[in-house]
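Examining the three-dimensional arrangement
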Amino acid sequence: MGGDLGPFATVVGSASAANDVPDLEIRLFGPKRRLDDEISRLPRHLAAAGSRMSVVNAPEVVGQDQRVSEALRRGACSSMAKMLDCVAAGEVRAGVSAGNTGALMALARRAMGTVPGISRPAISTSIPTRNQGRCYLLDLGANVEVSADRLIEFALMGEAMARHVDGLSSPRVALLNLGVEGSKGPSSVRQADAWLRDQPDIAYVGFMEGDGIFSGGADVVVCDGFVGNAVLKASEGLARMLVERVQATFDAHWGSRLVGAMARPALRRLKRELDPVRYNGASLLGLDGIVVKSHGSADATGFHYAVLRAVQEVKHDLPTRLVAELVQRRPTADSCAGGVRGGNRPDGDTSQQEKGD
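Cut-offs used in this document
- Residues numbered from 1 in each chain as written.
- Predicted model: local features only at pLDDT ≥ 70, side-chain atom pairs only at ≥ 80, totals over all residues.
- Heavy atoms only, no water.
- UniProt positions renumbered as here; feature names shortened; annotations may be inferred.
- Helix = DSSP H or I, 4+ residues; strand = E, 2+ residues; numbered from the N terminus.
- Buried < 20%, exposed > 50% of the residue type's maximum accessible area, 1.4 Å probe, protein only.
- Areas by Shrake-Rupley, 256 points an atom, 1.4 Å probe, with all protein chains shown as cover.
- Salt bridge = Lys/Arg side-chain N within 4 Å of Asp/Glu carboxyl O.
- 1 Å grid on protein atoms, 1.4 Å probe; cavity = no way out; pocket = protein on both sides within 12 Å on 5 of 7 lines; lining within 4 Å.
- Points joined across faces, edges and corners; volume = space filled by probe spheres on them.
- Nonpolar A, V, L, I, M, F, W, Y, C, P; charged D, E, K, R; others polar.
- Axes fitted to C-alpha atoms, helices over the stretch in contact; angles between N-to-C directions.
- Left-handed = near helix turned anticlockwise from the far one by under 90°.
- Contact = heavy atoms within 4.5 Å.
- Expected span 1.5 Å × (residues − 1).
- Arc of directions from axis to C-beta.
- Pairing = 2+ DSSP bridges.

- The name given to the protein chain in an unreviewed UniProt entry is Phosphate acyltransferase, and the organism recorded there is Halomonas korlensis.
- UniProt annotates the protein chain under Catalytic activity (unreviewed entry) with the comment "a fatty acyl-[ACP] + phosphate = an acyl phosphate + holo-[ACP]".
- In its Function (unreviewed entry) section, the UniProt entry covering the protein chain states "Catalyzes the reversible formation of acyl-phosphate (acyl-PO(4)) from acyl-[acyl-carrier-protein] (acyl-ACP). This enzyme utilizes acyl-ACP as fatty acyl donor, but not acyl-CoA."

Written out as structure tokens, the structure is:
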């Protein structure tokens, strides 16, 4: 029920994903009558997928501007909370939501806790890089202020995800910083850098400045949530502006329109590669279960990609792989700064969590 376009985008996007994945079944949470109506109005080419979609009645909805504390106190019967409880109980393999990011993270932590070795989950998504590559950027807003221990946890989770989900044998990991010199940046970043340099089983490439994220020089880029969220939103806005500028340039007069007609296949390919919609679906890494956050502004196509992201993580059993990776590396990681780790369920503390999308 979350998202700027409401259940229309969720239902159509889910049906489209079900069309692409023959064994996928979708369970929708929200006001039953409204969701049943959306399913009944699916386009003809998606109507068959409607038979693999069921509705769980949840009349209450977490608002996009609702405070996290209020969602924790009063949102137990909301569509978001019921979906997360279903994931935690093992009735479904993954959950996807376009709703309030802070509430989703807090309710997910309460419902399913974190995997052993992780104190706080992180939000991660892939972004396009040079030569049709991509890299994972994390954290994207779940943890605004972080210690060196948290940055190390993010690096380990991102490296494991790139290796298991993308099949990279030795993913390159970088820390986002305001310079490549070892003396630059906050102490937490420099401490994390020192620890990562001592790990022979991690392909750590050092500090990376903001303009290097899209160069293809790293497969995982780690930063705190404030910086990561700003980088992600700025890059998405820039990508849209570039596509619009290129299109406007070719439409300016008859000569450029003629050139534009000849270049149309290449322009379509460029737009497809840069379109943020194709990269929609951010993983809530570190939870003891699979939860994917869709952009609140995503249309049906965007939600489709978020569901496919969840399917991909299910196929690779990402939480189990993370547990195996982190248990193996945890003793060394704990020695970095004496941080406390564990997979206990939280008590509702949301002081470091993002309060919205």
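1. Details of the overall build of the protein chain
- A count of helices and strands for the protein chain gives 12 helices and 10 strands.
- Burial statistics for the protein chain: of 357 residues in total, 52% are counted as buried.
- Taken as a whole, the protein chain presents about 16500 Å² of accessible surface, with 51% of it coming from carbon and sulfur.

2. Examining the pattern of salt bridges
- Enumeration over the complete set of coordinates arrives at 11 salt bridges.
- Between Glu 70 and Arg 74 there is a salt bridge, with the nearest N and O atoms lying 3.8 Å from each other. With a gap of 4 residues between them, Glu 70 and Arg 74 both fall in helix α3 (residues 68–74), about one helical turn apart.
- We note a salt bridge from Asp 219 to Arg 172, for which the minimum N-O separation is 3.1 Å. Of this pair, Asp 219 sits in the loop between β7 (203–208) and β8 (220–222) while Arg 172 sits in strand β6 (residues 172–176), and the two are 47 residues apart along the sequence.
- Overall, Asp 219 belongs to the buried group, its relative accessible area being 12%.
- The exposure class assigned to Arg 172 is partly exposed, which follows from its relative accessible area of 30%.

3. A look at empty space enclosed by the protein
- Under the defined criterion, the tally for this structure stands at 3 cavities of 30 Å³ or more.
- Lining the largest cavity, in full, are Ser 283, Leu 284, Leu 285, Gly 286, Leu 287, Gly 289, Ile 290, Val 291, Glu 313, Leu 318, Pro 319 and Leu 322.
- Those elements giving two or more residues to the lining of the largest cavity turn out to be β9 (282–285), β10 (290–293) and α12 (318–334).

4. Some thoughts on the layout of surface pockets
- Put simply, the largest pocket is a space of about 850 Å³.
- What lines the largest pocket is a set of 38 residues, and nearest its centre among them are Glu 25, Ile 26, Arg 27, Ala 94 and Gly 95.
- Among the elements that take part in the lining of the largest pocket, helix α11 (residues 300–315) stands out by supplying 6 residues, more than any other.
- Its residues assigned to classes, the lining of the largest pocket comprises 22 nonpolar, 9 polar and 7 charged.

5. As for the packing of helix α4 (residues 79–88) against helix α5 (residues 101–112)
- Viewed as axis vectors pointing N to C, α4 and α5 meet at an angle of 35°, and their least axial separation amounts to 9 Å. The element α4 and its partner α5 pack so that their crossing is right-handed. Taking contact as the criterion, the partners of Met 80, Ala 81, Met 83, Leu 84, Asp 85, Val 87 and Ala 88 in α4 are, on α5, Ala 103, Leu 104, Leu 107, Ala 108, Ala 111 and Met 112.
- Partitioned by chemical class, the residues of the contact of α4 with α5 number 12 nonpolar, no polar and 1 charged.

6. Focus on helix α1 (residues 7–20)
- Here α1 is 14 residues long and its end C-alpha atoms lie 20 Å apart, about the 20 Å a rise of 1.5 Å per residue gives.
- A large share of α1 lies buried, amounting to 10 of its 14 residues.
- Buried residues along α1 sit against β1 (26–30), α2 (32–40), β2 (53–57) and α11.

7. Quick word on helix α7 (residues 187–197)
- Looking at α7, one finds that the buried residues are Ser 188, Val 189, Ala 192, Asp 193, Trp 195 and Leu 196. Taken down its axis, α7 places every buried residue within 165° of arc, on the same side.

8. Brief notes about the sheet that holds strand β4 (residues 122–129)
- Pairing within the open sheet is mixed, and its 8 strands lie in the order β3-β10-β9-β4-β5-β8-β6-β7. Each edge of the open sheet is held by one strand with a lone partner, namely β3 (94–97) and β7. Averaged over all pairs of adjacent strands, the angle between strand axes in this sheet comes to 25°, irrespective of strand direction.
- Bridge count for strand β5 (residues 133–138) against β8 is 3 bridges, and the pairing is parallel. Bridging from a neighbouring strand, Leu 138 pairs with Val 222 of β8.
- Lying over the sheet, helix α6 (residues 148–165) contacts β4, β5, β6, β8 and β9, oriented at roughly 165° with respect to β8.
- Contacts from α11 reach β3, β5, β9 and β10 within the one sheet, and its direction differs from that of β3 by about 160°.

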